[in-house]
Amino acid sequence: MHDQRLAPASGVADALASVIAVRELADRLEDASVERALREGWSWPQIAEALGVTRQAVHKKHAGRFDSTDVPLRRRQS
Amino acid sequence: MKQHANVTPKLFVTAAIDAAKERGARSVESEHLLLAIAERADPPLRSALADLGLDPGSLDRLLREERARSLSAAGVQPLPTWALGSVPRIDRPHWGASTRSALVRAGRIARQSGRRRMEGADIVLAIAAAEFGTVPRVLALAEVTRDSIELRLRAA
């Protein structure tokens, strides 16, 4: 490769790769944090509000993976 | 290139989905396909990849190093593994653009070699042909060039 600006691991390529890496980290952090919140007794509406999304959205995205696990799921806010 | 078709591309694709899921990835990318081939290919191809420093363990380490470097470019430090552990999502990851491109390219490489069906080596060459993205960055970290991959695979 003759043009250093277009190397896969320098300059703009690093910046673009960081977008992928940050997005991936955010996804994994969301998964871990939602699980932690549920284990600490948070309800879906509370988690949704904290994440800035609707209850339906957070429930649809995460609820299925906790079926058949020991993670407590609060159906309604007390 | 000799024929090494005991392990089929379908098996590599299935294993790539598993590799993506295991890593919590939302999409199956070419790095997952490369990992799957490094783990599941028939011995000649698997040995060729290992000779290039692309055995499964090294690939895994290189992928983590690439992500750490990429995060660092944005001023972000990687979090410890324990902080990211969670019950995995159950939805199947979607097909990433890098995987789709690699499979299309692998088909073309097979046809150019007079074969109707692609093989693992075709897929590896196709993955390595990408100019940008995670795999080219991993290969740069490992100081493995596309030419060296092609030379080694032809000798396998």
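Look a little higher up for the structure.
In this report, we go over the structure that sits alongside the text. (Residues numbered from 1 in each chain as written. Chains lettered and ligands numbered in written order. Predicted model: local features only at pLDDT ≥ 70, side-chain atom pairs only at ≥ 80, totals over all residues. Heavy atoms only, no water.)

Each partner contributes to the interface: chain A provides 29 residues, whereas chain B provides 25 residues. Between chain A and chain B, the buried area comes to about 2200 Å², and carbon and sulfur atoms account for 64% of it. At the surface where chain A touches chain B, the tally comes to five salt bridges. For the pair chain A and chain B, the number of links is six residue pairs in polar contact (both at pLDDT 80 or more). Elements with a contribution of two residues or more to the side of chain A that touches chain B: helix H1 (12–39) and helix H3 (55–62) of chain A. The biggest single contributor to the side of chain A that touches chain B is H1 of chain A, with 16 residues. Classifying every residue of the side of chain A that touches chain B gives 15 nonpolar, five polar and nine charged. (Contact = heavy atoms within 4.5 Å. Buried area = accessible area lost by both parts, 1.4 Å probe. Salt bridge = Lys/Arg side-chain N within 4 Å of Asp/Glu carboxyl O. Polar contact = N/O pair within 3.5 Å; in protein donor to acceptor, adjacent residues only side chain to side chain. Helix = DSSP H or I, 4+ residues; strand = E, 2+ residues; numbered from the N terminus. Nonpolar A, V, L, I, M, F, W, Y, C, P; charged D, E, K, R; others polar.)

Turning next to the nonpolar core. By size, the foremost hydrophobic cluster in this structure holds 41 residues, and its most contacted members are Ile37, Leu45, Leu54, Val124, Ile149 and Leu153 of chain B. Broken down by secondary-structure element, the contributors of at least two residues to this core are helix H1 (9–22), helix H2 (30–40), helix H3 (43–51), helix H4 (56–73), helix H6 (97–112), helix H7 (120–128), helix H8 (134–141) and helix H9 (146–155) of chain B. No other element matches H7 of chain B, which puts seven residues into this core. For valine 124 of chain B, the residues in contact, after removing those within four places along its chain, are Leu34, Ile37, Leu45, Leu49, Ile149 and Leu153 of chain B. Listed in part, the 11 residues of the second largest apolar core include Val34, Leu38, Val58 and Ala63 of chain A. (Core = buried A, V, L, I, M, F, W, Y, C linked by side-chain atoms within 4.5 Å. Buried < 20%, exposed > 50% of the residue type's maximum accessible area, 1.4 Å probe, protein only.)

All names here are of chain B. Most of H7 sits out of view: nine of its nine residues are buried. When H7 is considered as a whole, its buried residues turn out to be Gly120, Ala121, Asp122, Ile123, Val124, Leu125, Ala126, Ile127 and Ala128. Looking at the buried side of H7, the elements it contacts are H1, H2, H3, H6, H8 and H9.

All names here are of chain B. Residue position: threonine 134 is located in helix H8. Given the relative accessible area of 9%, threonine 134 is considered buried. One polar contact links threonine 134 to arginine 67, side chain to side chain, over a distance of 3.2 Å. With residues up to four places along the chain from it excluded, the contact list for threonine 134 reads Glu31, Leu63, Glu66 and Arg67.

This part covers the environment of alanine 26 of chain A. Residues and elements named next belong to chain A. Here alanine 26 lies in helix H1. We classify alanine 26 as partly exposed; its relative accessible area is 42%. A C-alpha to C-alpha distance of 23 Å links alanine 26 and leucine 73, two positions 47 residues apart in sequence.

Before going further, it helps to examine the pattern of salt bridges. On inspection of all chains with the given rule, the structure shows 20 salt bridges over all chains. Here arginine 67 of chain B makes a salt bridge to glutamate 24 of chain A, at a shortest N to O gap of 3.0 Å. With arginine 67 of chain B in helix H4 and glutamate 24 of chain A in helix H1, the pair connects residues from two separate chains. Owing to a relative accessible area of 26%, glutamate 24 of chain A belongs among the partly exposed residues under this scheme.

Turning next to the packing of H1 of chain B against H2 of chain B. Residues and elements named next belong to chain B. It is at 8 Å that the axes of H1 and H2 come closest, and there the two elements cross at 115°. Taken as a pair, H1 and H2 cross one another with a handedness that is right-handed. Contacts from Leu11, Phe12, Val13, Ala15, Ala16, Ala19 and Ala20 of H1 reach H2 at His32, Leu33, Ala36, Ile37 and Arg40. Classifying every residue of the contact of H1 with H2 gives 10 nonpolar, one polar and one charged. (Axes fitted to C-alpha atoms, helices over the stretch in contact; angles between N-to-C directions. Left-handed = near helix turned anticlockwise from the far one by under 90°.)

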